[in-house]
Amino acid sequence: MDARTRRRYAVNSLMLGLTGVCTFLTVSILFLILGYLVYNGGKALDWDFFTKLPLPPGEPGGGMANAIVGSIKVIFLASLIGIPIGFLGGVYLSEFGGTAFPHVIRYTADLLNGVPSIVIGIFAWIVVVVPMGHFSAWAGGFALSLMLIPITLRSTEQFMRSVPQSLREGALSLGASKWRTVVTVVIPASLSGVLTGMILGVARIAGETAPLLFTCLNNQFWSSGFNEPTASLPVMIYNHAIAPYEDYHRQAWAAGLVLLSMVLVSNIAARLVLSRGTARR
Amino acid sequence: MATAAIPIAKPRSFLGRLIGGDEIAFAITWTASASILLVTVMLVWQLWSRSSLARAKFGLDFLVSRTWDPVAVQFGALPFIYGTLLTAVLALLISVPLGVGAAIFLSEMAPRRLSDIASFLVELLAAVPSVIYGLLAIFTLIPLLRTYGEPFLHNTLGFLPFFQGPMYGVGYLAAGLILAIMTFPFIISISREALMDVPNDQREAALALGATKWEATWQAVVPFARLGILGSVFLGLARALGETMAVTMVIGNTPTISASLFSPGSTIAASIANEFAEASGDVYLASLILLGLVLFLLTIVINGLARLLILATTKKGTSV
């Protein structure tokens, strides 16, 4: 073997080894994040976290019960607006679309999906907070729904499109009308995928902080109904993490662990369901 | 020869379809998708009209002025634009080599099963909320940078202007690092897909000519997938430009322009997050909204480029 070949082989092993190192580094970050968060959050998490209100700075103890309920409220509102619109829009794109308009919608949805979340927050502030005159769960729900709509739309379209054309033709040939075909054949056939897409979308907006900063604001107390400033877990984490109090940091870790567990569990569950669904097909 | 008449079903009339429900279903689903268009148009229009005060007062100077002074009601976006671009570029400098390297490993080297598991984990990284990245960065990355990372860089590369000045931990470097971690998943998963879409002929031809595995990968496979990889880089860039929470938590939020990466700074998104709720005065608010508009335009241009590039290679386009 001459020197040149030896060098080529050396470069080969070196570079291929380096790509392995890259993979190791990037994947290990996930485990570092998980590990450190579980370690710190686990230390900080107690029953009070789920049942008590936050205490004023300096007083140890307290919890984030209002933020957990607040997050659920805001996500509920966002899903209430975002899921039906996104789903129906997806049905349109996949089943009823003509030629030009679907392209416009698809492009717009991708555009909206790429809008930085903080800009969505400004928009929700302009169209909801300003007319209402105060911060509210509605405003936060509206902001998050704007992020949920394009995600739901695109995933619904994608999964409904993957339903074989022959199924539709079968139903139509039996005399079913278009909408009956969609409702009784296409939607059931794509249901697991569509639901997975929705779960992933909701999990994504559940962790969003920026759109809530000046729509829901925050609240140290319970908020009744949907018309008051509302605490949410992500905003609480932000406020507690940047505050200079030891005990606030402890609470932030606990909240971080709770939020991440919720997001990751729904993600893993959704993806497992999805991979089983596609394997069968 | 007489042709047999083929009975053709008459298309149903509009009324028939209306009673049958098709037109109603069409109308409902059409309305839902049209509302997306409406909302997006409204978003642009609202950002435009609500920032009119700032546009009238500062004009294009807004983009090049470096004063951001709420007390004197003077607003210029240059420090934020600088910070946004600097942190994003810094992030890509770190995440592109690592991410593309990992994508090459996952598509060319790793057994299929390992590759799938690893990319599953990487996709989970994308699902971690940005506030969590910020939380971790505040309590791990920043102390580490302050006590080890920045002094080390200062001692070894201190002759460069980038690594001088006081070391606080918070600043451009911290923001760039956390953004790098947040852009990995995009770069890895899309580059991996682009690489996997490269036809096997490409690899086999290079190997048959006596290329080593690495030479085949680098000279025959990667160039074939370059548009997809570039698309992933743009997508990562768009994410890095618009990222708010993690950056706000680690950058220090001072509107300064400094060559030193150790210096605290700010980005467009971070300044909006920080100041919007407390902004008093119409011009101040309008300036922040104008910042939002600038950010919006910046990201849609980058996003558009990314989608075009990905579309050009994978033909799957926007389903990421």
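Procedures and definitions
- Residues numbered from 1 in each chain as written.
- Chains lettered and ligands numbered in written order.
- Predicted model: local features only at pLDDT ≥ 70, side-chain atom pairs only at ≥ 80, totals over all residues.
- Heavy atoms only, no water.
- Helix = DSSP H or I, 4+ residues; strand = E, 2+ residues; numbered from the N terminus.
- Rg over C-alpha atoms; globule rule 2.2 N^0.38 Å.
- Contact = heavy atoms within 4.5 Å.
- Areas by Shrake-Rupley, 256 points an atom, 1.4 Å probe, with all protein chains shown as cover.
- Lys, Arg positive; Asp, Glu negative; His and termini not counted.
- Charge placed at Lys NZ, Arg CZ, Asp CG, Glu CD.
- Domains from an automatic or database assignment.
- Buried area = accessible area lost by both parts, 1.4 Å probe.
- Salt bridge = Lys/Arg side-chain N within 4 Å of Asp/Glu carboxyl O.
- Polar contact = N/O pair within 3.5 Å; in protein donor to acceptor, adjacent residues only side chain to side chain.
- Nonpolar A, V, L, I, M, F, W, Y, C, P; charged D, E, K, R; others polar.
- Phe/Tyr/Trp six-rings, centres within 6.5 Å; stacked < 30°, edge-to-face > 60°.
- Buried < 20%, exposed > 50% of the residue type's maximum accessible area, 1.4 Å probe, protein only.
- Lys NZ or Arg CZ within 6 Å of the ring centre and 35° of its normal.
- Patch = residues over 30% accessible without salt bridge, like charges linked within 9 Å, V, L, I, M, F, W, Y side chains within 5 Å.
- Core = buried A, V, L, I, M, F, W, Y, C linked by side-chain atoms within 4.5 Å.

Peer 1: Please clarify how the overall build of chain B should be interpreted in this entry.
Peer 2: Each helix and strand in chain B was counted, giving 14 helices and 2 strands. In terms of overall dimensions, chain B is more spread out than a globule: its C-alpha atoms have a radius of gyration of 26 Å, far above the 20 Å expected for 320 residues. If one aligns the C-alpha atoms of chain B with their principal axes, the spans along those axes are about 95 × 65 × 30 Å. When contacts within chain B are restricted to residue pairs at least 6 apart in sequence, long-range pairs at least 24 apart make up 73% of them. Accessible surface computed for chain B: about 14300 Å², of which carbon and sulfur atoms make up 69%. Once the 18 positive and 17 negative side-chain charges of chain B are each reduced to a mean point, those two points are 6 Å apart.

Peer 1: I would appreciate a short explanation of the domain arrangement of chain B in the present structure.
Peer 2: Often the size quoted for an interface is simply the accessible area lost on bringing the parts together. Residue and element names in this part refer to chain B. Structurally, chain B comprises domain 1 (18-50) and domain 2 (52-318). Of note, the centres of domain 1 and domain 2, computed from C-alpha atoms alone, are 33 Å apart. Each partner contributes residues to the interface: domain 1 has 6 residues there, and domain 2 has 6 residues. Both faces combined, the contact of domain 1 with domain 2 buries some 660 Å², and carbon together with sulfur accounts for 69% of it. Interface area lost by domain 1 to domain 2 is led by Leu47, Trp48 and Arg50, which between them contribute 74%. Taken together, the connections running from domain 1 to domain 2 amount to 0 salt bridges. Counting every contact that joins domain 1 to domain 2 gives 2 residue pairs in polar contact (both at pLDDT 80 or more). When the residues that make up the side of domain 1 that touches domain 2 are grouped by side-chain class, the tally is 4 nonpolar, 1 polar and 1 charged.

Peer 1: What is the right way to look at the packing of aromatic side chains in this model?
Peer 2: Aromatic ring pairs are reported here in terms of the distance separating the ring centres and the angle at which the planes meet. Residues and elements named next belong to chain B. One pass over the structure, following the stated rule, counts 23 aromatic pairs over all chains. Seen from their ring centres, Trp68 and Phe75 are 4.8 Å apart, and the 65° between their planes marks the pair as edge-to-face. For the pair Trp68 and Phe75, one class covers both residues: buried. Members of the aromatic cluster, each reached through a chain of ring pairs, are Phe58, Phe62, Trp68, Phe75, Phe80 and Tyr284. One Lys or Arg, Arg55, reaches over the ring of Trp48 and ends 3.5 Å from the middle of that ring.

Peer 1: Please explain the domain arrangement of chain A as it appears in this structure.
Peer 2: All names here are of chain A. Each domain of chain A was delimited in the assignment, giving domain 1 (3-44) and domain 2 (49-280). Taken together, the contact pairs 8 residues of domain 1 with 7 residues of domain 2. For the pairing of domain 1 and domain 2, the buried interface totals around 710 Å² over both sides, and the portion due to carbon and sulfur atoms is 85%. Of all residues in domain 1, Leu37, Gly41 and Ala44 bury the most surface against domain 2, accounting for 61% of the area lost on that side. Here domain 1 is connected to domain 2 by 0 salt bridges. In this structure, the connection of domain 1 to domain 2 is made through 1 residue pair in polar contact (both at pLDDT 80 or more). Taken together, the residues that form the side of domain 1 that touches domain 2 break down as 5 nonpolar, 3 polar and no charged.

Peer 1: Help me understand a nonpolar patch on the surface in this model?
Peer 2: A cluster of nonpolar residues, Leu14, Leu18, Val21, Phe24 and Leu25 of chain A, forms a patch on the protein surface that exposes about 490 Å² of accessible area. With respect to the helices and strands, Leu14 of chain A occurs in helix H1 (residues 3-44).

Peer 1: Can you help me understand the nonpolar core in this one?
Peer 2: The nonpolar side chains of a soluble globular protein tend to be buried, and buried together. Core analysis: the largest hydrophobic core is formed by 169 residues, its most contacted members being Ile118 of chain A together with Phe276 and Leu291 of chain B. Residue contributions to this core peak at 14 residues, all from helix H5 (residues 78-109) of chain B.

Peer 1: Mind showing me how you'd approach the pattern of salt bridges here?
Peer 2: Once their charged atoms are close, side chains differing in charge can pair, the charge on each being opposite to the other. Tallied over the entire structure, the rule returns 13 salt bridges over all chains. The residue Arg271 of chain A makes a salt bridge to Glu123 of chain B at a minimum N-O spacing of 2.8 Å. Taken together, the positions of Arg271 of chain A in helix H10 (residues 246-280) and Glu123 of chain B in helix H6 (residues 112-127) put the pair across two chains. Salt bridges sharing common partners tie together Arg106, Asp110, Arg154, Glu157 and Arg161 of chain A.

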